[in-house]
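# Architecture at a glance
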Amino acid sequence: WSMGKGAYEADLASKKGTTYVAADGTEYTTGGSGGAAIANYASKFMPSGVRGIRNNNPGNINFYNQPGASLETKGGRFARFSTPEQGINAMSKQLDLYYTGKSRNVTKPINTIQDIITTWAPPTNDKGRFENETAEYIAAVAKSMGVSPTAKLNLNDTNTKAALMSAMITQENGGNPYTREQYI
């Protein structure tokens, strides 16, 4: 599921693409466009049509006119970014807003997996309809990070924030094609 930073940089530098060989021996060639290479590569190994990967929005953030974002489709609600890095950066900024209490979705700073995920992916939408398996999401992220769902996280710590984002991206997309370096 992960693609090394070196492979990403090589693809970008080549401008003509890089060929990868899957475990079954199938070869896939990316387009040589750097950030798009990751989405193209991941699409060969992840379930097709994964919204977060397709939209370069691995956190599946709703569209709110974020810098560099567009609406995924007419009538849609999720943001689409030009590169995975823009989407990852938007996710990081949203987590910062939660952590400082400056998001319109929180009334105070939040710093536990339970509070962050309940805000990020509530069980029901604004119309009261079921939307997310929030308890399972919380449990998966806590297990991945090796901490209690109610442990206080320090999102000013790069390693903690990267671990949280990686676990959330995995939960949002069924896998994580991004490298740790892309979170930092």
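Residues numbered from 1 in each chain as written. Predicted model: local features only at pLDDT ≥ 70, side-chain atom pairs only at ≥ 80, totals over all residues. Heavy atoms only, no water.

## Re the nonpolar core
Formed by 34 residues in total, the largest nonpolar core has its most connected members in Leu-95, Ile-116, Trp-120, Val-141, Leu-164 and Met-168. Of all elements in the fold, only strand E4 (79-81), helix H4 (84-100), helix H5 (113-120), helix H6 (134-145) and helix H7 (158-173) reach the threshold of two or more residues within this core. Apart from residues no more than four positions distant in its own chain, Leu-164 is found in contact with Leu-95, Ile-116, Val-141, Met-145, Leu-153 and Leu-155. (Core = buried A, V, L, I, M, F, W, Y, C linked by side-chain atoms within 4.5 Å. Buried < 20%, exposed > 50% of the residue type's maximum accessible area, 1.4 Å probe, protein only. Helix = DSSP H or I, 4+ residues; strand = E, 2+ residues; numbered from the N terminus. Contact = heavy atoms within 4.5 Å.)

## Here we look at the side chain of Thr-134
Residue placement: Thr-134 occurs in helix H6. A distance of 2.5 Å separates a polar atom in the side chain of Thr-134 from the backbone oxygen of Ala-121. Residues in contact with Thr-134, not counting those within four places in the same chain, are Ile-117, Thr-118, Ala-121, Pro-122 and Pro-123. (Polar contact = N/O pair within 3.5 Å; in protein donor to acceptor, adjacent residues only side chain to side chain.)

## Quick word on the pattern of salt bridges
All chains considered together, the criterion is met by 3 salt bridges. Residue Arg-51 is joined to Glu-72 by a salt bridge in which the shortest nitrogen-to-oxygen separation is 3.1 Å. In this pair, Arg-51 sits in helix H3 (residues 51-54) while Glu-72 sits in the loop between strand E3 (69-71) and E4, placing the two residues 21 residues apart along the sequence. According to the relative accessible area criterion, Arg-51 is partly exposed, its value standing at 35%. In this structure, the salt-bridge partner of Glu-131 is Arg-77, at a minimum N-O distance of 2.7 Å. Here Glu-131 is found in the loop between H5 and H6, whereas its partner Arg-77 is found in the loop between E3 and E4, with 54 residues between them in sequence. (Salt bridge = Lys/Arg side-chain N within 4 Å of Asp/Glu carboxyl O.)

## Section: the side chain of Lys-161
Structurally, Lys-161 can be placed in helix H7. Setting aside anything within four residues of it in sequence, one finds Lys-161 in contact with Ser-92, Leu-95, Asp-96 and Leu-155.

## Some thoughts on H7
End to end, H7 covers 22 Å across 16 residues, agreeing with the expected 22 Å (1.5 Å per residue, within 8%). Each element contacted by the buried residues of H7 is listed here: H3, H4, H5 and H6. (Expected span 1.5 Å × (residues − 1).)

## Some points on the packing of aromatic side chains
Applying the stated criterion to the full structure yields 1 aromatic pair. Arranged with centres 5.9 Å apart and planes meeting at 85°, the rings of Tyr-98 and Trp-120 form a pair that is edge-to-face. Taken as a pair, Tyr-98 in helix H4 and Trp-120 in helix H5 lie far apart in primary sequence, 22 residues in all. You can call Tyr-98 buried: its relative accessible area is 3%. The positively charged end of Arg-104 is found above the aromatic ring belonging to Tyr-64, 4.1 Å away from the centroid. (Phe/Tyr/Trp six-rings, centres within 6.5 Å; stacked < 30°, edge-to-face > 60°. Lys NZ or Arg CZ within 6 Å of the ring centre and 35° of its normal.)

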